[in-house]
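Analysis of the macromolecular model
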Amino acid sequence: MPLFGPPNIEKLKAKRDIPALINALSYKRNEWIRINAASALGDFGDRSAVEGLIAALGDPWHGVRKAAAQALGKLGGPRAVVPLIQLLKEGEEDDREAAVSALGKIGDRRAVEPLLKLLDEETKTQVRQYAIVALGRIGDRRAHPRLAALSAIVKPVKIQPAIVEFVDIAGLVAGASK
């Protein structure tokens, strides 16, 4: 990162300078630099950026929080789940949409109960729609009754089953079929 002036995100992206992009997440003078740094880190897929992106979820500007959540959704990993769940509870509408989408992409089952609760409490239709998609992607049985009830009301053209159960038909793993 340069000593004077703002970081040049395009140059940092061209160099694939992950540490400098992570540092740019904390450049306080310009939220667009932070947003573009978060987006670039998500695009590169380098998991060393996860901690910096988690810290960016606490940024005072909602656009930065949204970009950080989207990037975490691309990077995946269990470390991001709890901070994204926290963003569901405290964030603005854009933050919640991005957090819900990221949780669905990550697919961690710890997100199921908070997403089900969000369906009960959320007033914004778009956020609720993202939660339904996220629950379907995660594929946990706890969400099945709610998703089935919603499909009976909405009558979608297509339902994509997302719950898969593995059975050890060859008996190779003790207790797997129970």
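Nothing here was measured: the structure is a model prediction, and the numbers come from that model.

What counts, and at which threshold
- Residue numbers restart at each chain and count upward from 1, following the sequence in its written direction.
- Per-residue local features are limited, in this predicted model, to residues with pLDDT of at least 70; the limit for side-chain atom pairs, both in listing and counting, is 80 or more; totals at the level of whole chains, interfaces and linings are taken over all residues.
- Water and hydrogen atoms play no part in the side-chain values, which are based on all heavy atoms of the structure.
- Note on conventions: DSSP H or I runs of at least 4 residues are helices, E runs of at least 2 residues are strands, and numbering of each starts at the N terminus.
- Given a helix with a known number of residues, its expected span is that number minus one, times 1.5 Å.
- Relative accessibility under 20% of the residue-type maximum defines a buried residue, over 50% an exposed one, and the middle range a partly exposed one, all with a 1.4 Å probe and only protein chains included.
- Two residues form a contact once any of their heavy atoms are found within 4.5 Å.
- Classification of ring pairs uses Phe, Tyr and Trp, with its six-membered ring standing for Trp, and accepts pairs whose centres are within 6.5 Å; under 30 degrees between planes counts as stacked, over 60 as edge-to-face, and the remaining range as tilted.
- Contacts described as polar in this section are N or O atom pairs within 3.5 Å, which, within protein, must combine one atom able to donate a hydrogen with one able to accept it, while residues neighboring in sequence count only if both atoms come from side chains.

Take helix α7 (residues 93-106) next. Helix length check: α7 (14 residues) gives 20 Å between terminal C-alpha atoms against 20 Å at 1.5 Å per residue, within 8%. In terms of burial, α7 is largely enclosed, as 11 of its 14 residues are buried. Of the positions making up α7, those classed as buried are D95, R96, E97, A98, A99, V100, S101, A102, L103, G104 and I106. In the core, the buried residues of α7 are packed alongside α5 (62-75), α6 (81-90), α8 (112-121) and α9 (125-138). Looking one or two residues beyond α7, the residue adopting positive phi is G107, at roughly 80°.

Two aromatic rings are characterised by how far apart their centres lie and by the angle between their planes. With the rule as written, the count across this model stands at one aromatic pair. Note on W32 and W61: the rings are 5.4 Å apart at their centroids and 65° apart in plane angle, and the pair reads as edge-to-face. With W32 in helix α3 (residues 31-44) and W61 in the loop between α4 (50-56) and α5, this residue pair connects regions lying 29 residues apart in the sequence. A relative accessible area of 29% means that W61 is categorised as partly exposed.

A word on the side chain of R65. With respect to the helices and strands, the residue R65 is situated in helix α5. Among the polar contacts listed, one links the side chain of R65 to the backbone oxygen of P60, at a separation of 3.2 Å.

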